[in-house]
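Chain by chain, the residues:
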Amino acid sequence: MQNDRLIIGGHEFTSRLFVGTGKYKDFVETKKAIEASGADVVTVAVRRVNITDRSKENLLDYLDPKKYTILPNTAGCYNVEDALRYARLARAAGVSDLIKLEVLGDERTLFPDTAGLIEAAKILVKEGFIVLPYTNDDPIVAQKLVDIGCPAVMPLAAPIGSGLGIRNPYNLKIIMEMIKVPIIVDAGVGTASDAALAMELGADAVLMNTAIAGAKDPIAMAEAMKYAVLAGRLAYKAGRIPRKLYATASSPIEGML
Amino acid sequence: MADVIQIQVNGEQRSCRADATVGDLLRELAIKTERVAVELNLEIMDRKDFDHRSLKQGDRVEVLSFIGGGASVDAQGKGRGFIYAK
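Just so you know, these numbers come straight off a predicted model, no measurement behind them.

*Asks:* How should I be thinking about the overall build of chain A in this particular structure?
*Replies:* Helix and strand counts for chain A come out as eight helices and 10 strands. A compact globule built from 257 residues should have a C-alpha radius of gyration of about 18 Å, and chain A, at 19 Å, falls within 12% of that. Projected onto its principal axes, the C-alpha positions of chain A cover 85 × 40 × 35 Å. Burial statistics for chain A: of 257 residues in total, 52% are counted as buried. Looking at chain A alone, contacts between residues at least 24 apart form 66% of all its contacts between residues at least 6 apart.

Okay, structure coming up:
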């Protein structure tokens, strides 16, 4: 696994677990959980600086930019203009050209508005962004995003924060077979086995936030996720045995009395 | 005494010196300029211009940075989208 690097848009990553930074108790817990997860890529949101209370610390003071690749997102954007605006602001804040693009269609499900997503992705790719689009588990939309120039696609496992795990492994499998760029399964993971399953299906990486931050012990869960992603990846590369309905004995019959 | 103008910073009214630049404003607010983005009247500024662009009466300044978040609905559960100024 030493040389099992993930390359997206010229960026090279060792860990195949990407983590979010929301919903933690405080920045100390955020930092510890991220360390325990072993992640290289950390997503952040773009928001107004608190100008009335400057004593508030900044998340990035806790995350060494040399150690982590900061992946800003357009979380909370419900239309193309907002998503473009946040993406451009994220780049202007000077971290990188990477953007996790979200264009949401509905507040209750937080499902992506895939028409808006494709439109926004097209514009941002032209502007030189490395666009990682958060999309549905729809192979056709995934292919369109790749055709536009997205160097990876991020289909959901289940609704954001739902913890339902992979709801449609067959669609994800089709995406993984059809799509020739890295697939990052994003959103919906509930526990370690969900992450392992995503990787066993052939995902190139998994992104999660709530499954870690919302666990009773986020730091322990972060570590569990690290191993789950590693185990799932190893199992995928090792190649699982085919499923069969009936038993096949493991011990030879020869030499029996 | 220099004239005072009214501007809006992150949605809040604020007065500042008439000859102040965006850079002066950020220093006054004790905001480190690395890792922030500044939008002036809906246009994103190049950070090289912070010290050259003087503020004018009625300017709308947005100062943004990174906060904790993975996917939608951020850590604080607020700040969802901008309200576009007409």
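Right, picking up where we left off after that structure.
*Asks:* Would you explain the nonpolar core in this entry?
*Replies:* A general trend in soluble globular proteins is that nonpolar side chains are found buried together. Grouped together as the largest cluster of nonpolar side chains are 72 residues, with contacts concentrated most on Leu101, Leu145, Met208, Ile212 and Met225 of chain A. Counting residues per element, this core draws most heavily on helix α2 (residues 80-92) of chain A, which supplies seven residues. Setting aside residues no more than four positions away along its own chain, Leu145 of chain A makes contact with Leu117, Ile118, Ala121, Pro133, Thr135, Cys150 and Val153 of chain A. The next biggest cluster of nonpolar side chains, apart from the first, holds 20 residues, and it includes Ile51 of chain A together with Val9, Val22 and Phe50 of chain B.

*Asks:* Please clarify how unusual backbone geometry should be interpreted in this entry.
*Replies:* Phi is mostly negative for residues that are not glycine, and the peptide bonds are mostly trans. One non-glycine residue, Leu110 of chain A, lies in positive phi territory at about 55°. Tracing the sequence through the fold places Leu110 of chain A in the loop between β6 (98-101) and α3 (114-126). For Leu110 of chain A, a relative accessible area of 8% translates into the label buried. The residue Arg35 of chain B is not glycine, and still its phi comes out positive at about 65°. Tracing the backbone shows Arg35 of chain B in the loop between α1 (22-28) and β3 (37-40). Exposure remark for Arg35 of chain B: the relative accessible area of 22% places this residue in the partly exposed category.

*Asks:* Hey, could you run me through the environment of Lys48 of chain B in this one?
*Replies:* Residue and element names in this part refer to chain B. Locating Lys48 in the fold gives a position in the loop between β4 (43-44) and β5 (60-68). Under the relative-accessibility criterion, Lys48 is labelled exposed at 61%. Residues Lys48 and Gly23, spaced 25 residues apart in sequence, show a C-alpha to C-alpha distance of 9.6 Å.

*Asks:* Is there a simple way to think about the pairing of strand β7 (residues 130-135) of chain A in this case?
*Replies:* On any regular strand, side chains alternate: one points to one face of the sheet, the next to the other face. All names here are of chain A. β7 sits mainly inside the fold: six of its six residues count as buried. By the alternation rule, side chains of β7 split into Ile130, Leu132 and Tyr134 and Val131, Pro133 and Thr135, which are all buried. For the segment spanning β6, α3 and β7, crossover handedness is right-handed. As defined by bridge partners, β7 adjoins strand β8 (residues 154-155) across two bridges and the pair is classed as parallel. Within β8, the residue paired with Tyr134 across the bridge is Met154.

*Asks:* Is there a simple way to explain the packing of helix α6 (residues 192-201) of chain A against helix α8 (residues 218-238) of chain A in this structure?
*Replies:* In helix packing, the relevant descriptors are the interaxial angle and the interaxial distance, both defined with respect to the helix axes. Residue and element names in this part refer to chain A. Contact geometry of α6 with α8 gives a least axis separation of 7 Å together with a crossing angle of 25°. Relative to α8, α6 is oriented roughly parallel. α8 is crossed by α6, and the crossing has right-handed handedness. Here α6 contributes Ala192, Ala195, Ala196, Met199, Glu200 and Leu201 to the contact with α8, which in turn contributes Ala224, Met225, Ala228, Val229, Gly232, Arg233, Ala235 and Tyr236. Per-class residue counts for the contact of α6 with α8 are 11 nonpolar, one polar and two charged.

*Asks:* Is there a simple way to think about the interface of chain A and chain B in this case?
*Replies:* On the chain B side, the residues contacting the 42 residues of chain A number 35 residues. Surface buried jointly by chain A and chain B totals about 3,500 Å² across both partners, of which 56% is contributed by carbon and sulfur atoms. At the junction of chain A with chain B, the criterion picks out two salt bridges. Two residues, Arg85 of chain A and Glu39 of chain B, come together in a salt bridge whose shortest N-O distance is 2.5 Å. At the boundary of chain A and chain B, one finds nine residue pairs in polar contact (both at pLDDT 80 or more). Sorting the residues of the side of chain A that touches chain B by element identifies β4 (41-48) and α2 of chain A as the ones contributing at least two each. Looking at which element gives the most residues to the side of chain A that touches chain B, the answer is α2 of chain A, with eight residues. When the residues that make up the side of chain A that touches chain B are grouped by side-chain class, the tally is 20 nonpolar, 10 polar and 12 charged.

*Asks:* Quick question: what am I supposed to make of the sheet that holds β7 of chain A here?
*Replies:* Sheets are built from strands paired through backbone hydrogen bonds, the pairs being either parallel or antiparallel. Residue and element names in this part refer to chain A. Taken together, the three strands give an open sheet; going across it, the order is β6-β7-β8, and neighbouring strands pair in parallel fashion. Each edge of the open sheet carries a strand with a single partner, namely β6 and β8. Bridge count between β6 and β7: four bridges; the pairing is parallel. Note that in β7 the partner of Leu101 across the bridge is Pro133.

Conventions used here
- Residues numbered from 1 in each chain as written.
- Chains lettered and ligands numbered in written order.
- Predicted model: local features only at pLDDT ≥ 70, side-chain atom pairs only at ≥ 80, totals over all residues.
- Heavy atoms only, no water.
- Helix = DSSP H or I, 4+ residues; strand = E, 2+ residues; numbered from the N terminus.
- Rg over C-alpha atoms; globule rule 2.2 N^0.38 Å.
- Buried < 20%, exposed > 50% of the residue type's maximum accessible area, 1.4 Å probe, protein only.
- Contact = heavy atoms within 4.5 Å.
- Core = buried A, V, L, I, M, F, W, Y, C linked by side-chain atoms within 4.5 Å.
- Right-handed = clockwise from strand over helix to strand, strands pointing away.
- Pairing = 2+ DSSP bridges.
- Axes fitted to C-alpha atoms, helices over the stretch in contact; angles between N-to-C directions.
- Parallel < 35°, antiparallel > 145°, perpendicular 65-115°, else oblique.
- Left-handed = near helix turned anticlockwise from the far one by under 90°.
- Nonpolar A, V, L, I, M, F, W, Y, C, P; charged D, E, K, R; others polar.
- Buried area = accessible area lost by both parts, 1.4 Å probe.
- Salt bridge = Lys/Arg side-chain N within 4 Å of Asp/Glu carboxyl O.
- Polar contact = N/O pair within 3.5 Å; in protein donor to acceptor, adjacent residues only side chain to side chain.

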